[in-house]
Amino acid sequence: MSTQQDLPPSRDGLFRTKTIEQSIRDTEEPEHALKKSLSALDLTVFGVGVIIGTGIFVLTGKVAKETAGPATAIAFVVAGVVCALAALCYAEFASTVPVAGSAYTFSYASLGELVAWIIGWDLVLEFALGTAVVAVGWSGYVRSLLDNIGWSLPGALSGTDATSGFGFDILAFALVLVLTVILVLGMKLSARVTTVVVVIKVAVVLIVIIAGLFFIDTANYSPFIPEAQPQPAGSGLQTPLVQLIFGYAPTNFGVMGIFTAASVVFFAFIGFDVVATAAEETKLPQRDMPRGIMASLVICTTLYVAVSIVVTGMEHYTELSVDAPLADAFKAVGHPVYAGIISFGAAVGLTVVCMILLLGQTRVFFAMSRDGLLPRFFSKTHPRFHTPYRPTILLGVIIAIVAGFTSIDELATLVNIGTLFAFVVVALGVIVLRRTRPGLHRAFRTPWVPLIPILSVAASVWLMLNLPAETWLRFGIWMVIGVVIYFAYGRSHSRVHRTTG
């Protein structure tokens, strides 16, 4: 257990920290407390629910055809290892600081208030854009299913109207609003809805794997690692940052192409860190948080690898569809019924992805509000449901409008860079907290510190450098806006500032 001598001195200024003890005491205030109702199984289901989505249903074909060939399976393993390194760091923090807010809360306890604000602001962007992007993708799958049975929405209500150049995606808008209501009503209800949907989604993935085994042609695996080819030269801000800084041009295919593919399929793993945002609502966080985080990551990596092996075996990688590789692979072997089942599974699956991303954002916003960095008005929980209903409603309405009016395809890469940035901060936080609070009781300890956190930082930074310079520019602009808000409001209203200042 921690001792009084372990407590860090109170510090004022930009890098003042909030002690873990104070963070935990804040969760005990009746008006600002969240209901504890989640188990390790619930957390695992949440993790699987948010990870298995756009990546497995779309990215498999794109990466295999354009970057890695049949070696896409290895790219998924590489991306999974990067996430596993980060997951070990998240597990230590989530079990030690079982408080809502994920990387934001962990940073506040180790790296200081300014870093915590920056990472919280980053997570708000990551989860908001992720929710809107997935909602628009879900709308596309539903419209496709409706078209199959002869129904179709007017162009003005299904996105951009070809005749006017303007439209409103009523399906994406409605989905976010319905999920907002579910989250307000309670986490246990959310967990039950998630469980049902995840069962359907995983069943569809298993159908792909098991049924696809009967249509594999081993000749399609040759060559397993296609010969390396230089990537088309990027222009201007579309050029990967690693190329602008080091002159290194990433390749398609070949051994290095696998690592290039890993930076792309990484999007398929985004969301496992959302599990950590539910730490405060977990019955036994010290035991169940590490289990939920690691179990969901292992299950999803296994399914990703199996699906990519089956799909590249069913159809040669050069012939794979980019938009709907799983469904179209079954069409190519003469089984369109399976294609319909897969499309249904994708639509159902993306529902949960959207809900859990929205959940993650509201918990980060709630934690920042409870600390005074955002207005305390948003940190009051519902008297009956014990959920952060005010930020949930506010953010749900805003994201619903964004999803209804915007395709935001270009902004999707901001979700990648935001997640990787959070990984870097959490890994550094583990190292710092081990030095500043060596006697702190840790129910789960990241092995081989500082080696594992350093490897996590290096792997995350490498994937970040493979993103376009344009993504870095947009990310930088969002961060500057956040810093301005911090100095204009958050710094002076911080509860830690009022305590120490």
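None of these values were measured; they are calculated from a predicted model.

Enquirer: What is the right way to look at the overall build of the protein in this model?
Expert: Helix and strand counts for the protein come out as 19 helices and two strands. Across the 501 residues of the protein, 57% fall into the buried class. Here the analysis covers contacts within the protein between residues at least 6 apart in sequence; of these, 83% occur between residues at least 24 apart. A total of about 19,300 Å² of accessible surface is found on the protein, and carbon and sulfur atoms cover 68% of it.

Enquirer: Honestly, the environment of Val78 in this entry has me stumped. Any pointers?
Expert: Its location among the elements puts Val78 in helix α4 (residues 72-96). Considered as a pair, Val78 and Phe259 are 181 residues apart in the sequence and their alpha carbons are 7.3 Å apart. Residue contacts for Val78: discarding those within four places in its chain leaves Ile258, Phe259 and Ala262.

Enquirer: Any chance you could explain the packing of aromatic side chains here in plain terms?
Expert: Pairs of aromatic rings are described using the distance from one ring centre to the other and the angle between the two planes. Following the criterion strictly, the structure yields 20 aromatic pairs and no others. The lysine or arginine in question, Arg390, covers the ring of Phe377, its NZ or CZ lying 4.0 Å from the ring centre.

Enquirer: So what exactly am I meant to see when it comes to the environment of Glu126 here?
Expert: As for its placement among the helices and strands, Glu126 is situated in helix α6 (residues 113-148). Ignoring any residue separated from it by four or fewer positions in sequence, one finds Glu126 in contact with Ile270, Asp273, Val415, Gly418 and Thr419. Of note is the side chain of Glu126, whose polar atom sits 2.7 Å from the side chain of Thr419.

Enquirer: Is there a simple way to explain the environment of Ser343 in this structure?
Expert: Along the chain, Ser343 turns up in helix α14 (residues 336-370). Sequence separation between Ser343 and Ala327 is 16 residues, and the spatial gap between their C-alpha atoms is 6.8 Å.

Enquirer: Even after reading the chapter, I still don't get the pattern of salt bridges, so can you show me in this structure?
Expert: Opposite charge on two side chains permits pairing when their charged atoms draw close. Per the stated rule, a full pass over the model turns up 13 salt bridges. For Glu113, the salt bridge identified is with Arg16, shortest N-O distance 2.6 Å. Here Arg16 lies in the segment before α1 (20-26) and Glu113 lies in helix α6, a separation of 97 residues in the sequence. The same class applies to Glu113 as to Arg16, namely buried. In this structure, Lys18 engages Asp26 in a salt bridge whose closest nitrogen and oxygen atoms are separated by 2.5 Å. Of the residues examined, Lys18 reaches a relative accessible area of 6% and is grouped as buried. Classification of Asp26 by relative accessible area gives buried; the value is 2%. One connected set of salt bridges, linked through shared partners, spans Lys18, Asp26, Asp371 and Arg495.

Enquirer: What is the right way to read the packing of α4 against helix α17 (residues 451-465) from this model?
Expert: The relative placement of two packed helices is expressed as an angle between their axes plus a distance between the axes. It is at 9 Å that the axes of α4 and α17 come closest, and there the two elements cross at 135 degrees. Judged on the interaxial angle alone, α17 and α4 are oblique. The handedness of the crossing between α4 and α17 is left-handed. For the pair formed by α4 and α17, the contact residues are Val82, Leu85, Ala86, Leu88 and Cys89 on the first element and Ile452, Pro453, Leu455, Ser456, Ala459, Ser460 and Leu463 on the second. Partitioned by chemical class, the residues of the contact of α4 with α17 number 10 nonpolar, two polar and no charged.

Enquirer: Is there a simple way to think about the packing of helix α2 (residues 40-51) against α14 in this case?
Expert: Direction vectors running N to C along α2 and α14 enclose 115 degrees, while the axes themselves pass 7 Å from each other. Classified by the interaxial angle, the pair formed by α2 and α14 is roughly perpendicular. For the crossing formed where α2 meets α14, the hand is left-handed. Listed contacts from α14 to Phe46, Gly49 and Val50 of α2 are Gly349, Val352, Val353, Ile356, Leu357 and Leu359. Tallied by class, the residues present in the contact of α2 with α14 amount to seven nonpolar, two polar and no charged.

Enquirer: Explain unusual backbone geometry to me, please; I cannot follow it from the model alone.
Expert: Note on backbone geometry: most residues besides glycine have negative phi, and most peptide bonds are trans. With an omega of -5 degrees, the peptide bond running from Ser222 to Pro223 counts as cis. By secondary structure assignment, the location of Pro223 is in the loop between α8 (187-213) and β1 (229-230). Cis geometry is found at the peptide bond from Val449 to Pro450, where omega equals 10 degrees. For Pro450, the position within the fold is in the loop between α16 (412-436) and α17.

Enquirer: Got a minute to help me understand helix α10 (residues 254-265) in this structure?
Expert: Every α-helix carries 3.6 residues per turn, so stepping three or four residues along brings you back to the same face. In a regular helix each residue adds 1.5 Å, so 12 residues correspond to 16 Å; α10 covers 16 Å between its end C-alpha atoms and thus fits that length. Looking only at α10, the buried set comprises Gly254, Gly257, Ile258, Thr260, Ala261, Ala262, Ser263 and Val265.

Enquirer: How should the side chain of Thr260 be read in this particular structure?
Expert: Tracing the sequence through the fold places Thr260 in helix α10. A relative accessible area of 8% means that Thr260 is categorised as buried.

Enquirer: Can you help me understand a nonpolar patch on the surface in this one?
Expert: Nonpolar side chains collect at one region of the surface, where Ile74, Phe224, Ile225, Val255, Met256, Phe259 and Trp462 lie side by side and expose about 580 Å² of accessible area between them. A total of three residues in the nonpolar patch trace back to one element, the largest contributor, which is α10. Here Phe224 lies in the loop between α8 and β1.

Enquirer: Quick question: what am I supposed to make of the confidence of the model for the protein here?
Expert: Where the model shows low pLDDT, its predicted coordinates should not be examined in detail. Confidence along the protein averages 84 in pLDDT terms, with 90% of residues attaining 70 or more. The low-confidence segment residues 1-10 (pLDDT under 50) makes 17 contacts with residues lying over four places distant or belonging to another chain.

Enquirer: What should I look at first to understand helix α5 (residues 103-110) in this one?
Expert: Among the eight residues that make up α5, eight are buried, leaving the element largely enclosed by the rest of the structure. Looking at α5, one finds that the buried residues are Ala103, Tyr104, Thr105, Phe106, Ser107, Tyr108, Ala109 and Ser110. Just beyond α5, the residue with positive phi is Gly112, at close to 110 degrees.

Enquirer: Before we go on, may I ask you to explain the nonpolar core in this structure?
Expert: Here is a general trend for soluble globular proteins: nonpolar side chains tend to be buried in one another's company. Counting residues in hydrophobic clusters, the biggest one holds 148 residues, and the most contacted among them are Tyr90, Tyr104 and Phe269. If we ignore the near neighbours within four places in the chain, the residues touching Phe269 are Ile51, Phe76, Ala79, Gly80, Cys83, Leu297, Thr301 and Tyr304.

Enquirer: Just checking my understanding: could you explain the side chain of Arg437 for this structure?
Expert: Structurally, Arg437 is set in the loop between α16 and α17. Exposure remark for Arg437: the relative accessible area of 2% places this residue in the buried category.

Rules used in this analysis
Residues numbered from 1 in each chain as written. Predicted model: local features only at pLDDT ≥ 70, side-chain atom pairs only at ≥ 80, totals over all residues. Heavy atoms only, no water. Helix = DSSP H or I, 4+ residues; strand = E, 2+ residues; numbered from the N terminus. Buried < 20%, exposed > 50% of the residue type's maximum accessible area, 1.4 Å probe, protein only. Contact = heavy atoms within 4.5 Å. Areas by Shrake-Rupley, 256 points an atom, 1.4 Å probe, with all protein chains shown as cover. Phe/Tyr/Trp six-rings, centres within 6.5 Å; stacked < 30°, edge-to-face > 60°. Lys NZ or Arg CZ within 6 Å of the ring centre and 35° of its normal. Polar contact = N/O pair within 3.5 Å; in protein donor to acceptor, adjacent residues only side chain to side chain. Salt bridge = Lys/Arg side-chain N within 4 Å of Asp/Glu carboxyl O. Axes fitted to C-alpha atoms, helices over the stretch in contact; angles between N-to-C directions. Parallel < 35°, antiparallel > 145°, perpendicular 65-115°, else oblique. Left-handed = near helix turned anticlockwise from the far one by under 90°. Nonpolar A, V, L, I, M, F, W, Y, C, P; charged D, E, K, R; others polar. Expected span 1.5 Å × (residues − 1). Patch = residues over 30% accessible without salt bridge, like charges linked within 9 Å, V, L, I, M, F, W, Y side chains within 5 Å. pLDDT = per-residue confidence, 0-100. Core = buried A, V, L, I, M, F, W, Y, C linked by side-chain atoms within 4.5 Å.

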